[in-house]
Amino acid sequence: MSVGKALAFHSYKGGTGKTTIATNLAAYYAKLGMRVCLLDCDLYAPSLTTYFRKTPESYINNLLAGEAEISDILVDVSSELGLKGKLLLGFSSPRKEDIHEIEIKHDMKWQLAALRRFLAAKKELFSEYKIDYVFFDTSPGIRYWSVNCIAAADFLCLTMRISDMDIAGTKKMVKDVYESLTKFGSKCFIILNKVPGASPIQKFQEKANEKMLWEKDIEKDIGIKVTGSIPCFCDVQFNKHEFLSVINQPKHNFSKSLRVIANKIIGTNQRFQVDEE
Amino acid sequence: MTLGFLTSGFQIPVKKFMAVILLFSPSFAWFYLMNVHVFQYTPGVGPPNPDWVFIGEALYLISFGCSAIIGSIISERVNRKQFLGFWIFFGVLIPLSFAVFEGPMVFLLLSALAGTSFGIGFPSCLAFIADSTAIEERARVSGAAMLIAFVVLILMIGITSQLGLIEALFLIVILRAISFFALLIDPCERAMGKKKTWGAVWTTHGFGLYFLSWIMFMAAGGTSYLVESWLPVSAISEAAESLGLALMYVGVAFAGLISGFVSDRFGRKKAIIFGISALGISYALYGVASSTETYLLTQIFLGASWGIIFVNYFMTVIGDFASTGSRERYYAVGGVVLFLNMALQLSSEVFSLAVYPSVVSSILSIVLFVAVIPLLYAPETLPRDKIRARKFKKYLKKVKKLVEEEETQNHE
């Protein structure tokens, strides 16, 4: 059985760039030759169907309801993106009635049964599909499915911005949620996103040592290691349709920052040739 | 703070919890014990004189109600700890006075003073409980205090019934004096807040709906005293009557505690509706078959109903509504309704109605059904976010357990 790992991308608030980071990391790893599965676990505000411009036949919602298997919901985009490895996508239904159903109708008992199916699907991804990394792009805040994904993941990647609200909210979530769900060997790390200072005007650019001070302060404040920070780029943040910049615009500073983080996450996994650019 | 499963999840510090118990439980048990002993024994008038007993009891209950309102006004102007100290001291003096002084007029005076000695500080006592508890634990703490009060009451009735009057009164004095320990272990400070006018108390959103329901419950509870055929004494032996009273107190104690848990977990309205339903069940049972067995069952449901309503409505809901700085006023207003029940109870000494039990039970059941209606429109006083937070915590535990089980299976 593959020793794959599951990574949950979570944040206290929306708009921190979780989906952008998760999709770009997934694409980057697949480009390196890994077998990656990206699941849109934000059942309350799904976005990957729009991001990838896909309309699958079955959704994660069907899997959770016991109406579909994992094989029914996966969409392989490896060839169309020209990836060396594999990138499989699982989407959440953007239909209003499906969102309403998952939001309102289901009680705790249903949620736990759905989680059981989700865990079985994760197991199948590792055992049958030989996936190296499964990414869960979760909902922000504390909701049933963000909690479920955090619990099911081996790594927890918290994306946040450097703002008092994000810091305070993330601290509270660490205490209320993450600590109680930490299981044997699971790891948490922070990615600081949209960090101010990537100004084209020289004098407004933050120096590297100043950036490190932020990271150290946040580590100390929240108690979780900061793996890296990504500067704020208007052309990425406000792009009408940012799409896999890490493979389509590899020379962009956003892509460079992301690659540094990606390499840190992989660590010393020698099976893959990391891109040192 | 943990004292086992009873206090799991409590935020109230242990000392504060002990202070609440020591202040409330002995005092509340005292109130009932005084009613039992003073109005069964009438010192100085020879054999029990029903007229004097009636007037004395009426003065006891009326003075309790009036002094509660007066006490709530006075207590806002003085230091709470000192006021509660005076309250306890007053309550210690009164039983001694019954033992020392004799004569019918003195008896009547002391009856009025006895009611006053409890009523004057009771709103402050309840306000102290509300100030000491977070909203999400108020009902459980109140239920625990009620349980202990009635356990003490049952024990004390058992002990004092074997003693002479003087010995019994002496024990009652000691019981009341135990409340002084509350003042030793806690500063009993009043939580500061803006004072509300008496009018503003009445117009607090939702308070009126609960109040209306409370009135109907009291009316239904009190009406049963009026009905002569409600308790066909000839059919019930004295032993069964005593057992019935004990069962009623047991019902109050345990239903009060359990309903406190229900109330903090699922909301006040559910608990109160259960309480009203319990009274309806007790009446329905007795209407169906008037026998010793149904009488005893009725008493349990009756006790359970009172325990649930007193803990959840009087001690908890009023505390939830009462803003800090004006709590005594809310308790005084809520306590006014107790008058209705007391008045009906007293009226049964003078008047009575001979009505078939089945007719009475039908009428009272309808009254109780109507009592539920205002509650359906009343706002839930336990904040929804507290209910959600508790549910979420429970869910987190279940998720963790499920994932750990799956991981263990995978590793095998």
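Keep in mind that what you see is a predicted model, and the values were worked out from it rather than measured. (Residues numbered from 1 in each chain as written. Chains lettered and ligands numbered in written order. Predicted model: local features only at pLDDT ≥ 70, side-chain atom pairs only at ≥ 80, totals over all residues.)

## Some details on the overall build of chain A
Worth spelling out the cut-off: For the purposes of this entry, the term helix denotes a DSSP run of H or I that reaches at least four residues, the term strand denotes a run of E that reaches at least two, and both are numbered from the N terminus. Whether a residue is buried, exposed or partly exposed follows from its count of other C-beta atoms within 10 Å of its own C-beta, namely 20 or more, 12 or fewer, or something in between, respectively; the C-beta atoms are built from the backbone. Think of it this way: build a C-beta for each residue from its backbone, and any pair within 7 Å is a contact.
Looking only at helices and strands, one finds 13 helices and eight strands in chain A. Counting every position in chain A, which comprises 277 residues, the buried fraction comes to 43%. In chain A, 77% of the contacts between residues at least 6 apart in sequence involve partners at least 24 apart.

## Brief notes about the overall build of chain B
A count of helical and extended segments in chain B gives 16 helices and zero strands. Buried positions account for 46% of the 412 residues belonging to chain B.

## Topic: the pairing of strand β5 (residues 133–137) of chain A
Residues and elements named next belong to chain A. Where we set the bar: Two strands are counted as paired when DSSP detects at least two bridges linking them.
The buried fraction of β5 amounts to five of the five residues, a majority that puts the element mostly inside the structure. The alternating pattern of β5 places Y133, F135 and D137 and V134 and F136 on opposite faces, both of which are buried. Sheet topology places strand β1 (residues 5–10) next to β5; five bridges connect them, and they run parallel. Among the inter-strand pairings, K5 is bridged to a residue of β5, identified as Y133.

## Some remarks on the interface of chain B and chain A
Our working rule: Each residue gets one of three labels, nonpolar for Ala, Val, Leu, Ile, Met, Phe, Trp, Tyr, Cys and Pro, charged for Asp, Glu, Lys and Arg, and polar for the others, Gly among them.
Counting residues at the interface gives 12 residues for chain B, matched by 15 residues for chain A. For the side of chain B that touches chain A, the residue count by class is six nonpolar, one polar and five charged.

## Concerning the pairing of strand β7 (residues 187–195) of chain A
All names here are of chain A. As defined by bridge partners, strand β6 (residues 155–160) adjoins β7 across six bridges and the pair is classed as parallel. Bridge pairing in β7 links F155 to K187. Bridge analysis of β7 against strand β8 (residues 226–231) gives four bridges, and the strand direction is parallel. Looking at the pairing, V195 lines up with P231 of β8.

## Thoughts on the confidence of the model for chain B
Should the pLDDT be low somewhere, the predicted coordinates at that spot are not to be read in detail. The criterion, for reference: The predictor rates its confidence in each residue with pLDDT, a number between 0 and 100.
Looking at chain B as a whole, its pLDDT mean stands at 83, while 88% of the residues score no less than 70. Confidence estimates for the predicted assembly give a pTM of 0.73 and an ipTM of 0.84.

## Some thoughts on helix α1 (residues 14–38) of chain B
To be explicit about the condition: Multiplying one less than the number of residues by 1.5 Å gives the expected span of a helix.
Look at α1(B): 35 Å from first C-alpha to last across 25 residues, which is about the 36 Å you get at 1.5 Å a residue. Of all 25 residues that make up α1(B), 19 are buried, and the element is covered over most of its length.

## Some details on helix α7 (residues 108–127) of chain A
Given 3.6 residues to a turn, an α-helix orients residues that are three or four positions apart in the same direction. Residue and element names in this part refer to chain A. As a reminder, the rule being used: Comment: arc refers to directions from the helix axis out to C-beta atoms.
Under the 1.5 Å per step criterion, the end-to-end length of α7 is 29 Å for 20 residues, consistent within 8% with the ideal 28 Å. Taken as a whole, α7 has its buried residues at A114, L115, F118, L119, A121, K122, L125 and F126. The buried residues of α7 occupy an angular sector of 160° when the element is viewed end-on, so they sit on one face.

## Some points on the sheet that holds strand β4 (residues 86–90) of chain A
Read from one edge of the open sheet, eight strands run β3-β4-β2-β5-β1-β6-β7-β8 (chain A), paired in mixed fashion. Of all strands in the sheet, those with a lone pairing partner are β3 (75–76) and β8 of chain A, marking the two edges.

## Examining the nonpolar core
Applied cut-off: Defined on buried residues, the nonpolar core groups Ala, Val, Leu, Ile, Met, Phe, Trp, Tyr and Cys residues joined through C-beta atoms within 7 Å. The domain limits used here are those given by an automatic or database domain assignment.
Ranked by internal contacts, the top residues of the largest apolar core, which has 107 residues, are B:A145, B:M146 and B:A149. Composition of this core by domain shows at least three residues from each of domain 1 (13–191) and domain 2 (193–395) of chain B. Core analysis: the next-biggest nonpolar cluster, separate from the first, contains 78 residues, A:L48, A:A114, A:Y133 and A:V147 among them.

## Details of the domain arrangement of chain B
Residue and element names in this part refer to chain B. As assigned here, chain B comprises domain 1 (13–191) and domain 2 (193–395). At the junction of the two partners, domain 1 supplies 33 residues and domain 2 supplies 39 residues. Of all the secondary structure elements, the ones that give two or more residues to the side of domain 1 that touches domain 2 are α2 (50–75), α5 (122–132) and α6 (138–160). A per-element tally of the side of domain 1 that touches domain 2 places α6 first, with 12 residues. By residue class, the composition of the side of domain 1 that touches domain 2 is 20 nonpolar, six polar and seven charged.

## Thoughts on the environment of B:L340
Residues and elements named next belong to chain B. Tracing the backbone through its elements, the reader meets L340 in helix α14 (residues 327–350). C-beta crowding within 10 Å serves as the criterion here: with 19 such atoms nearby, L340 is assigned to the partly exposed category. In this structure the C-alpha to C-alpha distance between L340 and I215, which are 125 residues apart in sequence, comes to 7.6 Å. With sequence-adjacent residues up to four places away left out, L340 is seen in contact with I215, M218, A219 and G222.

## Here we look at the packing of α1(B) against helix α7 (residues 165–177) of chain B
Residues and elements named next belong to chain B. Under the convention used in this document: Axis definition: a line fitted to C-alpha atoms, limited for helices to the stretch in contact. Angles are taken between N-to-C directions and run from 0 to 180 degrees. Reported orientations rely on four angle classes, namely roughly parallel under 35 degrees, roughly antiparallel over 145, roughly perpendicular from 65 to 115, and oblique for the rest. Whether a crossing is left-handed or right-handed is set by the direction in which the near helix is turned from the far one by less than a right angle, anticlockwise for left-handed and clockwise for right-handed.
At a minimum axis distance of 9 Å, the contact between α1 and α7 shows a crossing angle of 160°. By the criterion of interaxial angle, the relationship of α1 to α7 is roughly antiparallel. As for how α1 packs across α7, the hand of that crossing is left-handed. Contacts from P26, S27, A29, W30, L33, M34 and H37 of α1 reach α7 at L165, A168, L169, I172, L175 and R176. Along the lines of polarity and charge, the residues of the contact of α1 with α7 split into 10 nonpolar, two polar and one charged.

## Some thoughts on the environment of B:H37
Here B:H37 is to be found in helix α1. Through-space distance from the C-alpha of B:H37 to that of B:I157 is 9.1 Å; in sequence the pair is 120 residues apart.

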